[in-house]
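# Structural features, examined
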Amino acid sequence: MRYLRRLGAFSLYGLRRTGRLGIFFVTAIYYTVTPPLKFSWFVRQIWFIGFQSSLVILLTGVFTGMVLGLQGFYTLNRFGSTALLGPMVALSLIRELGPVLSALMVTGRAGSAMTAEMGIMRISEQIDAIELMGLNPYRYLVVPKILASAIALPLLTSIFDVVGIFGGYAVGGKLLGGIGKGTYFGEMANYIDMDDILCGFYKSITFGVLIAWTCSYKGYYAGFGAEGVSKATTQAVVLSSVLILFWDYIMTSILF
Amino acid sequence: MIRLEDVHKAFDGFEVLKGVSCEVPKGEILALIGGSGHGKSVILKHVARLLKPDRGRVIIDGKDLFELRRDELEQLRSRFGFLFQSGALFSSVTVYDNVAFPLREKTNWNEEKIRERVLEVLDQVGLKGAEDKYPAQISGGMIKRTALARSLVRSPEIMLFDEPTTGLDPVIAHTILDLIQRIHNELRFTGIIVSHELARVFQIVQKVAMLHDGVILTMGSPEEIMSSKDPTVRQFITGALEGPIQYR
């Protein structure tokens, strides 16, 4: 009986948390699509989430492309199809790795900071202060992050894809010397169409919303003290990363 | 007018407020006194609708605070000023921008008019010259005074002060309470002040309520409270170790 009661309490707790996460999302989206937009706060977030993440995206993109070039060349060489290295690297990056890895990197770099910043604002009563000025904290703290993230993620993903494709060429084409520039880039045009690009584009937009939503939520409802903020930050990164992978599967199965 | 009717609040099963009822007439200040951890700040947060009572009502100017729509609540809160115990300043912007924030967001004033008003209020709280400093670069007393300036900058009709002088040296504490009195004389706001500076606070308020064990134990004018025969009230205002209030 005791175990049953515990199970019930745990289920109710989980249900309550999920409901709160859902309500937070619906509220945030409502304020995102209704004016006014706090433009200066939005620009600051674009700078923080987008511009400041570009270096880490560049580095991750180029190394991912290089690994793909190396692994792809090795595999395709067995079948005598190294000419298809370009489409293989590009397709992997554009449809899958670009959006997912960019989102995971942004979660680690900007998402964790979003949670920590909002968590500190929560425990130091700054969010309460905004409310008590008769202002809506969602419009200042959540909406700019959601919009900025939804705009920055596709841009960062496109940077990731482009440098990744060049990274793949640097290894497969230059370092291993197996294929020429014309073959590597020319074959891409034959195998990649707009649907592939749109697939990655849609994914990255939704990942952007997902990161800002989960990380803002965790910060907005952070617990007490430094421990509460650190716990919220860890939970935000874990939840966001898991949801990115889960949502990636859903999106892939819809867009395949 | 602020009225609390039978307000109950529990946290994780622990009942902090067990039916608080009190009233602050328009234009008056109520001093809320009582032991630490007895729920004085919790009452203030109910009046500001930062917390929702488990039972009971909070009524401001005839309207139940918890029946207001979001836009009505935002409108009502525009008339509020709240001085947080911690100051609750925005840490990423300067003293000037902290004080200017409510004016920029809630008025159509141009930057010149905002600057004039911000400098005027900063001067009133003795912070002239500290405009460009960040909260991390100023002392606890300056943080409190900046927070006070921010809460007063829009000339609120309802003011809530959560321990405005805690942690300050006696001179600054005195200055802040003087300032509250001066501004009250000027604006005639309705307010609640939570403070342990009984002697000085009793000079600026019209009513005092003592919170004890989750209820308002007694309420009256400062003179009535000072001459109260109730042993709990007597022990609290004299600070005697022996009596009904036991912390051990």
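For every chain, the first residue of the written sequence is number 1, and numbering continues from 1 onward in sequence order. The lettering of chains begins at A and the numbering of ligands begins at 1, in the order of writing. A pLDDT threshold of at least 70 governs which residues receive local features in this predicted model, and a stricter bar of 80 or more applies before side-chain atom pairs are shown or counted, although totals over entire chains, interfaces and linings include all residues.

### Here we look at the overall build of chain B
What counts, and what does not: To qualify as a helix, a DSSP run of H or I must reach at least 4 residues; to qualify as a strand, a run of E must reach at least 2; elements of each kind are numbered from the N terminus. The globule rule used here is 2.2 Å times the number of residues to the 0.38 power, and the radius of gyration it is set against is calculated over C-alpha atoms. Any residue with 12 or fewer other C-beta atoms within 10 Å of its own C-beta is exposed, any with 20 or more is buried, and the rest are partly exposed; the C-beta atoms used are placed from the backbone. Each residue is represented by a C-beta atom placed from its backbone, and any two residues with such atoms within 7 Å are regarded as in contact.
For chain B, the helix and strand inventory stands at nine helices and ten strands. For a compact globule of 248 residues, the expected C-alpha radius of gyration is about 18 Å, and chain B comes in at 18 Å, within 12% of that figure. Expressed along its principal axes, the backbone C-alpha trace of chain B runs to roughly 55 × 45 × 35 Å. Scored against the burial criterion, the 248 residues of chain B give a buried share of 39%. The long-range fraction of contacts in chain B, counting pairs at least 24 apart against all pairs at least 6 apart in sequence, stands at 64%.

### Observations concerning the overall build of chain A
For chain A, the count of helices and strands is nine helices and zero strands. Principal-axis analysis of the C-alpha atoms gives chain A an extent of 65 × 55 × 30 Å. Expressed as a percentage of its 256 residues, the buried residues of chain A come to 43%.

### Things to note about the domain arrangement of chain B
Residue and element names in this part refer to chain B. Going by this rule: Bear in mind that the domain bounds are from an automatic or database domain assignment. Each residue gets one label: Ala, Val, Leu, Ile, Met, Phe, Trp, Tyr, Cys and Pro are nonpolar, Asp, Glu, Lys and Arg are charged, and the others, such as Gly, are polar.
Taken as a whole, chain B is organised into domain 1 (2-79 + 156-238) and domain 2 (93-155). Computed from C-alpha coordinates alone, the two centres of domain 1 and domain 2 are separated by 25 Å. In this complex, domain 1 contributes 13 residues to the contact, which on the side of domain 2 involves 13 residues. The greatest single-element share of the side of domain 1 that touches domain 2, amounting to six residues, is contributed by helix H6 (residues 170-187). Of the residues in the side of domain 1 that touches domain 2, the class split is nine nonpolar, three polar and one charged.

### Description of the pairing of strand S8 (residues 190-194) of chain B
Residues and elements named next belong to chain B. To keep things clear, this is the line we draw: A clockwise course of the path from the first strand over the helix to the second, judged with the strands pointing away from the viewer, identifies a crossover as right-handed.
The element S8 is extensively covered by neighbouring structure, given that five of its five residues are classed as buried. Of the two faces of S8, the one lined by Thr 190, Ile 192 and Val 194 and the one lined by Gly 191 and Ile 193 are each fully buried. With H6 bridging strand S7 (residues 158-162) and the parallel S8, this β-α-β connection has right-handed handedness.

### A few points about the environment of Leu 4 of chain B
Residue and element names in this part refer to chain B. When you line up the elements, Leu 4 lands in strand S1 (residues 2-11). On the basis of neighbour counts, which here come to 24 C-beta atoms within 10 Å, the residue Leu 4 falls in the buried class. Along the chain, Leu 4 and Arg 70 lie 66 residues apart, while their C-alpha atoms are 21 Å from each other. Beyond its immediate sequence surroundings of up to four residues, Leu 4 is in contact with Val 20, Ser 21, Cys 22, Gly 56 and Val 58.

### As for the sheet that holds strand S10 (residues 215-220) of chain B
Residues and elements named next belong to chain B. Cut-off, in case you're wondering: A pair of strands is labelled paired if DSSP reports no fewer than 2 bridges between them. Helix axes are fitted only over the stretch in contact, all axes being lines through C-alpha atoms; the angle between N-to-C directions runs from 0 to 180 degrees.
Ordered by their spatial adjacency, six strands build an open sheet running S6-S7-S8-S3-S9-S10, and the pairing between neighbours is mixed. The open sheet has two free edges, formed respectively by strand S6 (80-83) and S10, since each of these has just one partner strand. Going from strand to strand, the sheet's axes swing by 15° on average, the running direction of each strand aside. Where S7 meets S8, five bridges bridge the pair, whose relative direction is parallel.

### Comments concerning the pairing of S1 of chain B
Residue and element names in this part refer to chain B. As defined by bridge partners, S1 adjoins strand S2 (residues 14-24) across eight bridges and the pair is classed as antiparallel. Counted as the bridge partner of Arg 3 is Glu 23 from S2. If you look at the hairpin formed by S1 and S2, you'll find two residues sitting between the two strands, and Asp 12 has a positive phi there, around 50°. In this sheet, strand S4 (residues 55-60) lies alongside S1 in antiparallel orientation, the contact comprising five bridges. Pairing of Leu 4 across the sheet is with Val 58, part of S4.

### Quick word on helix H9 (residues 225-255) of chain A
Operational definition: Each helix should span, by expectation, one fewer than its residue count multiplied by 1.5 Å.
Over its 31 residues, H9 of chain A extends 43 Å from the first C-alpha to the last, a length consistent with the 45 Å expected when each residue adds 1.5 Å. Residues Val 229, Ala 232, Thr 233, Ala 236, Val 237, Ser 240 and Ile 244 of chain A constitute the buried set of H9 of chain A.

### Some thoughts on the nonpolar core
Selection rule: We define a nonpolar core as a collection of buried residues of the types Ala, Val, Leu, Ile, Met, Phe, Trp, Tyr and Cys that are connected via C-beta atoms lying within 7 Å of each other.
Ranked by internal contacts, the top residues of the largest apolar core, which has 121 residues, are Ile 146 of chain A together with Ala 31, Leu 32, Val 99, Ala 149, Ile 192 and Ile 193 of chain B. Counting residues domain by domain, this core receives three or more from each of domain 1 (2-79 + 156-238) and domain 2 (93-155) of chain B. With near-sequence residues (within four places) excluded, Ala 31 of chain B lies in contact with Ile 193, Ser 195, Val 201, Phe 202, Val 205 and Val 208 of chain B.

### Some thoughts on helix H1 (residues 2-33) of chain A
For an α-helix the count is 3.6 residues per turn, leaving residues at separations of three or four pointing the same way. For H1 of chain A, spanning 32 residues, the distance from its first C-alpha to its last is 47 Å, which sits close to the expected 46 Å at 1.5 Å a residue. By the criterion of burial, H1 of chain A is predominantly exposed, with just one of the 32 residues buried.

### Considerations on the packing of helix H4 (residues 85-123) of chain A against H9 of chain A
All names here are of chain A. Here is the rule: Comment on the angle field: the value is read as roughly parallel under 35 degrees, roughly antiparallel over 145, roughly perpendicular from 65 to 115, and oblique elsewhere. In this scheme, a crossing is called left-handed if the near helix is turned counterclockwise away from the far one by less than a right angle; it is called right-handed if the turn is clockwise.
Running from N to C, H4 and H9 cross one another at 150°; their axes reach a closest spacing of 9 Å. One way to sum up the angle between H4 and H9 is to call them roughly antiparallel. The crossing of H4 and H9 is right-handed. Between H4, through Val 100, Ala 103, Leu 104, Thr 107, Gly 108, Gly 111, Ser 112, Thr 115, Ala 116, Gly 119, Ile 120 and Ile 123, and H9, the contact on the second element is made entirely by Gly 225, Gly 228, Val 229, Ala 232, Thr 233, Ala 236, Val 237, Ser 240, Ser 241, Ile 244 and Asp 248. Classifying every residue of the contact of H4 with H9 by side-chain character gives eleven nonpolar, eleven polar and one charged.

### With respect to the sheet that holds S1 of chain B
All names here are of chain B. Within the open sheet, the four strands sit side by side as S2-S1-S4-S5. Their pairing is antiparallel. Each having just a single partner strand, S2 and strand S5 (63-64) make up the two edges of the open sheet. Pairing analysis gives two bridges linking S4 to S5, with the strands arranged antiparallel. Paired with Ile 60 across the strands is Lys 63, a residue of S5. Along the sheet, helix H1 (residues 40-47) contacts S1, S2 and S4; its crossing angle with S2, the most-contacted strand, is approximately 60°.

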